[in-house]
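Next come the chains, spelled out residue by residue.
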Amino acid sequence: MKIAIIGAGNLGLSIAKGILKSNGATKMYLTKRNITDIEHFEKYGNVTVTTDNKEAVKNSDILIFAVQPLHIAQLLTDLKDLLTENHVIISTITGYSIEKMENILGKDHNIIRSMPNTAISVGKSMTCICANGKGKKRIELAKAIFNRMGHSMEIPEVQMQAATVICASGIAFWMRLIRATTQGAIQLGFDAKEAQELAMHTCDGAAGLLIASGNHPEEEIDKVTTPMGCTIQGLNEMEHHGLSSSLIQGIVASFDKISEFKKDNQ
Ligand SMILES: NC(=O)C1=CN([C@@H]2O[C@H](COP(=O)(O)OP(=O)(O)OC[C@H]3O[C@@H](n4cnc5c(N)ncnc54)[C@H](O)[C@@H]3O)[C@@H](O)[C@H]2O)C=CC1
Ligand SMILES: O=C(O)[C@@H]1CCC=N1
């Protein structure tokens, strides 16, 4: 499998690391406007780093676009003549619809929208995907690519904006919760390194419990909250200060922000 990542920035490089870790490509191109800080990726024999998007497109079967939303229209216009019906075109661009891509490229291309997150670099991404009419035949291939680097779910395109908030921005939301827990642990006497270790492995354990059991979080909470105990005391105090409510409001604010820049980009 020959994969090009067009726009090897924060997400693009995370995908590149995930692909390398999972031996997911026989050949990989990484492109960026200024490549000085990613040239070291060429130490992996099968990676070519270049500023030349056209070279990358010509030599690859799977094209993963990971530029910022403002740059995608021009980029697709520039590459249009090189894109064939055999390419699998995977976009990670927030708020950029399949319809917009088809308006530039036409309907005869395999177009897949994906929403991975930066945990793809360690093989732990939750990735949502959907496809245009032609791309539906390639969606299993796309799923296979992303399943090597975590977990994927096919969703209707209309849910892509919500998936962006929950799964992609979600990494930042969970990081902040882990950091806050770490700060609490330091206040209770652990040094910073130990505090983070306790917070992240407890977080990993909580997610692992739900993934393995399929249980609802409250079922697991009930097993922890001893009557009149310290857990329910802490949880209720957090809720008095709006823990769930502030998370939900933040999620909705993030969703609304995408709607705003979709309008600006029309
Ligand atoms: N950062 C994240 O966690 C996630 C980002 N996304 C989406 O992925 C896209 C990329 O986001 P980031 O990686 O955060 O942005 P970024 O700014 O870190 O990376 C974009 C890269 O594209 C390069 N670029 C710009 N124009 C180019 C061109 N014509 N040819 C080749 N490279 C070009 C830039 O030099 C930059 O390195 C965005 O559309 C974003 O909405 C989606 C999910 C998660
Ligand atoms: O913050 C952003 O706009 C991008 C999309 C999701 C994660 N990063």
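Being a predicted model, the structure only gives us computed values, none of them experimental.

A. Just the UniProt feature "domain: Pyrroline-5-carboxylate reductase catalytic N-terminal" (unreviewed entry) in the protein chain, in detail. Taking the UniProt record as the reference, the feature "domain: Pyrroline-5-carboxylate reductase catalytic N-terminal" (unreviewed entry) is found at residues 2-93. From the first C-alpha to the last, residues 2-93 spans 21 Å; its make-up is 32% helix and 24% strand.

B. Representation of the side chain of Arg-113. With respect to the element layout, Arg-113 can be found in strand 6 (residues 110-115). For Arg-113, a relative accessible area of 6% corresponds to the buried category. Of note is the side chain of Arg-113, whose polar atom sits 3.2 Å from the backbone oxygen of Tyr-96. Reaching out from Arg-113, the side chain makes a polar contact with the side chain of Glu-157 at a distance of 2.8 Å. Residues contacting Arg-113, with those up to four places away along its chain left out, are Ser-91, Ile-93, Gly-95, Tyr-96, Ser-97, Ile-98, Cys-128, Ile-129, Cys-130, Glu-157 and Met-160.

C. Expanded view of unusual backbone geometry. The phi angle at Asn-23 is positive, at roughly 50°, despite the residue not being glycine. Mapping Asn-23 onto the fold places it in the loop between helix 1 (10-21) and strand 2 (27-31). Even without glycine at this site, Met-228 takes up a positive phi of about 65°. If you trace the backbone, Met-228 turns up in the loop between helix 8 (217-224) and helix 9 (230-240). With relative accessibility at 86%, the residue Met-228 sits in the exposed group.

D. Seen up close, the site of ligand 2. Taken together, Thr-94, Thr-164, Ala-168 and Ser-169 make up all the residues around ligand 2. Protein contact buries 44% of the 250 Å² of open area that ligand 2 shows by itself. The residue inventory of the shell around ligand 2, partitioned by class, reads one nonpolar, three polar and no charged.

E. Broad picture of the environment of Lys-17. The residue Lys-17 is located in helix 1 in this model. Look at Lys-17 and you get partly exposed, because its relative accessible area is 43%. Separated by 106 residues in the primary sequence, Lys-17 and Gly-123 place their C-alpha atoms 8.9 Å from one another. The residues contacting Lys-17, other than those within four sequence positions of it, are Phe-41 and Ser-121.

F. Molecular detail of the packing of aromatic side chains. Evaluated as defined, the whole model comprises one aromatic pair. When the centroid spacing of 6.2 Å and the interplanar angle of 45° are considered together, the rings of Phe-41 and Tyr-44 count as tilted. Taking relative accessible area as the criterion, Phe-41 reaches 6% and is therefore assigned buried. Its end group placed over the ring of Tyr-29, Lys-27 keeps NZ or CZ at 5.3 Å from the ring centre.

G. Region of interest: the domain arrangement of the protein chain. Structurally, the protein chain comprises domain 1 (2-154) and domain 2 (164-264). Summed over both partners, the interface of domain 1 with domain 2 buries about 700 Å², with 72% contributed by carbon and sulfur atoms. Between the two partners, domain 1 and domain 2, sit zero salt bridges. At the surface where domain 1 touches domain 2, the tally comes to one residue pair in polar contact (both at pLDDT 80 or more). Counted by class, the side of domain 1 that touches domain 2 contains six nonpolar, four polar and one charged residues.

H. View of the side chain of His-87. By the secondary structure assignment, His-87 is in the loop between helix 3 (69-79) and strand 5 (88-91). Here Val-57 takes part through its backbone oxygen, which lies 3.0 Å from a polar atom of the side chain of His-87. Among the polar contacts made by the side chain of His-87, one reaches the main-chain carbonyl oxygen of Ser-60 at a distance of 3.0 Å. Ignoring anything within four residues of it in the chain, the contact list for His-87 reads Val-57, Ser-60, Asp-61, Leu-63, Leu-82 and Asn-110.

I. Quick look at the nonpolar core. If you look at the biggest cluster of nonpolar residues, it comprises 30 residues, and the most contacted ones within it are Ile-5, Ile-19, Met-28, Leu-30, Ile-38, Phe-41 and Ile-90. Of all the secondary-structure elements, those providing two or more residues to this core are strand 1 (2-6), helix 1, strand 2, strand 3 (47-50), strand 4 (62-65), strand 5, strand 7 (125-131) and helix 5 (139-147). The greatest single-element share of this core, amounting to six residues, is contributed by helix 1. Other than its neighbours up to four places away in sequence, Leu-30 contacts Ile-5, Ala-8, Leu-13, Ala-16, Ile-38, Phe-41, Val-47, Thr-48, Val-49 and Thr-50.

How each quantity is defined
- Within each chain, residues carry numbers counting from 1 in the order of the written sequence.
- Both sets of labels track the order of writing: A upward for chains, 1 upward for ligands.
- Owing to the predicted nature of the model, reporting of local features is limited to residues with pLDDT of at least 70; listing and counting of side-chain atom pairs is limited to 80 or more, with chain, interface and lining totals taken over all residues.
- Side-chain numbers come from the whole structure's heavy atoms, not from hydrogens or water.
- UniProt positions are given in the numbering used here, feature names are shortened, and annotations may be inferred rather than shown by experiment.
- To qualify as a helix, a DSSP run of H or I must reach at least 4 residues; to qualify as a strand, a run of E must reach at least 2; elements of each kind are numbered from the N terminus.
- The buried label goes to any residue with under 20% of its type's maximum accessible area, the exposed label to any with over 50%, and the partly exposed label to all in between, with areas taken from a 1.4 Å probe on protein chains only.
- The term polar contact refers here to a pair of N or O atoms within 3.5 Å; inside protein, the definition further demands a hydrogen-donor-capable atom paired with an acceptor-capable atom, and it admits residues adjacent in sequence only when both atoms are side-chain atoms.
- A contact between two residues is defined here by any heavy atoms of the two lying within 4.5 Å.
- When we say a residue is near a molecule or strand, we mean one of its heavy atoms is within 4 Å of it.
- Each accessible area is a Shrake-Rupley result for a 1.4 Å probe, and residues are judged covered by the shown protein chains and nothing else.
- Residues were grouped as follows: Ala, Val, Leu, Ile, Met, Phe, Trp, Tyr, Cys and Pro as nonpolar; Asp, Glu, Lys and Arg as charged; and all remaining residues, including Gly, as polar.
- Stacked, tilted and edge-to-face are the three classes applied to pairs of Phe, Tyr and Trp rings, where Trp contributes its six-membered ring and a pair requires centres within 6.5 Å; stacked means planes under 30 degrees apart, edge-to-face means over 60, and tilted covers the rest.
- A positively charged side chain is recorded as over a ring if its NZ (Lys) or CZ (Arg) lies within 6 Å of the ring centre. The angle to the ring normal must also be within 35 degrees.
- Where a domain begins and ends is set by an automatic assignment or by a domain database.
- Put simply, buried area is the surface a 1.4 Å probe can reach on two separate parts but cannot reach once they are joined, added for both.
- Think of a salt bridge as a Lys or Arg side-chain nitrogen and an Asp or Glu carboxyl oxygen that are within 4 Å of each other.
- Working definition of a nonpolar core: buried Ala, Val, Leu, Ile, Met, Phe, Trp, Tyr and Cys residues. They are joined through side-chain atoms within 4.5 Å.

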